[in-house]
Amino acid sequence: MKIFQMLKTLLVALSVLISLAGLPALAQENVPVGHEGAPSVKGTQANELPGSGGFWSAQSQTGSVPLSFHQLRDKVQADDPALSAGQKHELLRNALYEHNILALAWAVALALSVTIYLILDGADLGAGIISLFYGNDQTRGAIMASMAGTWDANETWLVVAGGILFGGFPFIYGSVFHYLMLPLMVLLLGIMLRAVSLEFHHHAARSQRFWGLGFAVGSLVVAFLIGAAGGAVLDGVQLTPRTVTYAGGGTVLTFTGGLFDFISPFSIWTGIVGVITSVFAGALYLRARFVHDSPVRADMKDWVNGSFIVLVIASVITLGWIWLRFPWAAQKWTGPWIWGWGVIAVWVLYALWNIWDATRRERDLAAMVWYAVMTASSLGAMALTVYPWLVPGTWTVYDAADPSLSLVGFTVAMGGFIPVILIYNWYQIWVFRDRLSALGTYDHH
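Per chain, residues are indexed from 1 in the order of the written sequence. For a predicted model such as this one, the threshold for reporting local features is a pLDDT of at least 70, and the threshold for listing and counting side-chain atom pairs is 80 or more; totals across whole chains, interfaces and linings nevertheless cover every residue. The basis for every side-chain value is the complete set of heavy atoms in the structure, and neither hydrogens nor water enter the calculation.

Operational definition: UniProt positions are given in the numbering used here, feature names are shortened, and annotations may be inferred rather than shown by experiment.
For the chain, an unreviewed UniProt entry supplies the name Cytochrome d ubiquinol oxidase subunit II and the organism Thioclava arctica. In its Subcellular location (unreviewed entry) section, the UniProt record describing the chain reads: "Cell membrane". Looking at the chain in UniProt, the text filed under Sequence similarities (unreviewed entry) is "Belongs to the cytochrome ubiquinol oxidase subunit 2 family."

### As for the packing of helix α10 (residues 265–289) against helix α14 (residues 364–386)
Our working definition: Orientation is described by axes fitted as lines to C-alpha atoms, over the contacting stretch for helices, and by angles from 0 to 180 degrees between their N-to-C directions. The way it works is that DSSP assigns letters per residue, a run of H or I at least four long becomes a helix, a run of E at least two long becomes a strand, and they are numbered from the N terminus. Orientation is classified from the angle alone, with under 35 degrees giving roughly parallel, over 145 giving roughly antiparallel, 65 to 115 giving roughly perpendicular, and any other angle giving oblique. Left-handed describes a crossing whose near helix is turned anticlockwise from the far helix through less than a right angle; right-handed describes the clockwise counterpart. We call two residues in contact whenever any of their non-hydrogen atoms come within 4.5 Å of each other. Classification used: nonpolar for Ala, Val, Leu, Ile, Met, Phe, Trp, Tyr, Cys and Pro, charged for Asp, Glu, Lys and Arg, polar for all others including Gly.
Relative to each other, α10 and α14 sit at 150 degrees, their axes nearing to 8 Å. Comparing the axis directions of α10 and α14 gives the class roughly antiparallel. Pair α10 / α14 crosses with left-handed handedness. Between α10 and α14, the residues in contact are Thr277, Phe280, Ala281, Leu284, Tyr285, Arg287 and Ala288 and Asp364, Ala367, Met368 and Tyr371, respectively. Broken down by class, the residue content of the contact of α10 with α14 amounts to eight nonpolar, one polar and two charged.

### Focus on the confidence of the model for the chain
Going by this rule: The predictor attaches a confidence to each residue, called pLDDT, with possible values from 0 through 100.
Per-chain confidence: the chain averages 74 in pLDDT, with 69% of residues scoring 70 or above. Throughout residues 1–67 the model reports pLDDT below 50, and contacts reaching past four residues in sequence, or to other chains, amount to 72 contacts. Contacts of residues 441–445 to residues separated by more than four positions or lying in other chains number 20 contacts, the stretch itself having pLDDT below 50.

### Digging into the packing of aromatic side chains
What counts here: Centres within 6.5 Å make a pair out of two Phe, Tyr or Trp rings, where for Trp the six-membered ring is used; the pair is then stacked when the planes are under 30 degrees apart, edge-to-face when over 60, and tilted otherwise. Partly exposed residues are those whose accessible area sits between 20% and 50% of the maximum for their type, while under 20% is buried and over 50% is exposed, using a 1.4 Å probe and protein chains only.
One pass over the full model with this rule turns up 19 aromatic pairs. With 6.0 Å between their ring centres and 70 degrees between their planes, Phe280 and Tyr371 make a pair best called edge-to-face. Separated by 91 residues along the polypeptide, Phe280 in helix α10 and Tyr371 in helix α14 bring together distant segments of the chain. A relative accessible area of 0% places Phe280 in the buried class.

### Focus: the side chain of Ser131
With respect to the helices and strands, Ser131 occurs in helix α4 (residues 85–131). In contact with Ser131, other than residues within four places in its own chain, are Arg140, Ile143, Phe215 and Ala216.

### What to know about the nonpolar core
Spelled out, the test is: We define the nonpolar core as a collection of buried residues of types Ala, Val, Leu, Ile, Met, Phe, Trp, Tyr and Cys that are connected through side-chain atoms lying within 4.5 Å of one another.
Counting residues in hydrophobic clusters, the biggest one holds 79 residues, and the most contacted among them are Phe169, Ile172, Val176, Leu180, Phe280, Leu286 and Met374. For this core, the leading source of residues is α4, giving 12 residues. In this structure, Val176 is in contact with Phe171, Val233, Val237, Val391 and Trp395, ignoring residues within four places of it in sequence.

### What about unusual backbone geometry?
Across residues other than glycine, the phi torsion is negative in most instances, and most of the peptide bonds are trans. Cis geometry marks the peptide bond from Tyr387 to Pro388; its omega dihedral reads 10 degrees. Take Pro388: it is sitting in the loop between α14 and β5 (389–391). One non-glycine residue, Glu362, lies in positive phi territory at about 65 degrees. Positionally, Glu362 belongs in the loop between α13 (338–360) and α14. Take Glu362: its relative accessible area is 35%, and that puts it in the partly exposed class.

Below, the structure written as structure tokens:
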């Protein structure tokens, strides 16, 4: 009986979907004024193109393959006497609306994924860097044990960001990743070294010190290269148009430079800032993970105070460097919305003060929360500064997005995974919320 009810419900749902699929065709019957009797475009009547359909109503010669956004844009911008100016405007408006909404939504999802990764795994990376200064295997093992249950979930957000770039912004994935091939390759090796070291450390007998050192070095390499890659992207990517004969032919933008083109004084500096930020996050994290009488937590007080001062100085230098190096950033900061940037600056300073005050009052969890707020606010301000560019001077959010209907399919297929991962992250943090003692090394975890 339950099976019959399920089948009945499924049939009803399919009927509704089929009906909804026919709505664009029904909407086309009500042709807007001025479009009657318009000539065909690529085998499709022009009076079918305008309206609320956008991608869905614009068909190719076969009548089944939708035109891509770029095809629609080129058609509208072409000097085609078959379409009036009003028809061209409406066609482009409909195509732009659907394409731009999805592109912006996935750009926000990309920024969210990167921000969450830098907050969560940044603390793990910083803890690993700090462990480099502890030659005691037991202390280093305790630091590794503090993240034993959460480090893999934290790195999931890096995979999500890569997936969004691959599925939603393939032009960036194909060009910028070529530009960053060397740092991303070494970064991946560093992540692998951290993962292997975490697992091998408590199984090894004679090589335990080696794996502990591998975990620390891998953390340092990853933190530096993430910052360096960010600085290299801000510098922009020089792309060269090339004519290809495969996949239907055409002109594509490719990176034709060398492996070391990403290196500049600015990218090296942002790599150093990435290490400083990770150390500060790691020190806050370790204070919150160990019991109050633990020697590790006592040591972290000096790490927090020292790295906080260094981070503030480094942030001021970075902002000044951006101001001098990138005129587009300086113009935006001093433009008509200067008061808004002032509000953001005051908010970030307020978050920094709360971090300092929380650590002084021994409120470790509050300090971590305010660190997350400060990081998210700073990265959000940088994203607003760069917008509408995704890669300054190279790709905007809208030009870099997948120009075909696969962006819609990607949204349907992948959109629900982000809340699932958020719930998973929250559950892991809740399960492993208890503090550790210095004796709780990874060997006994």
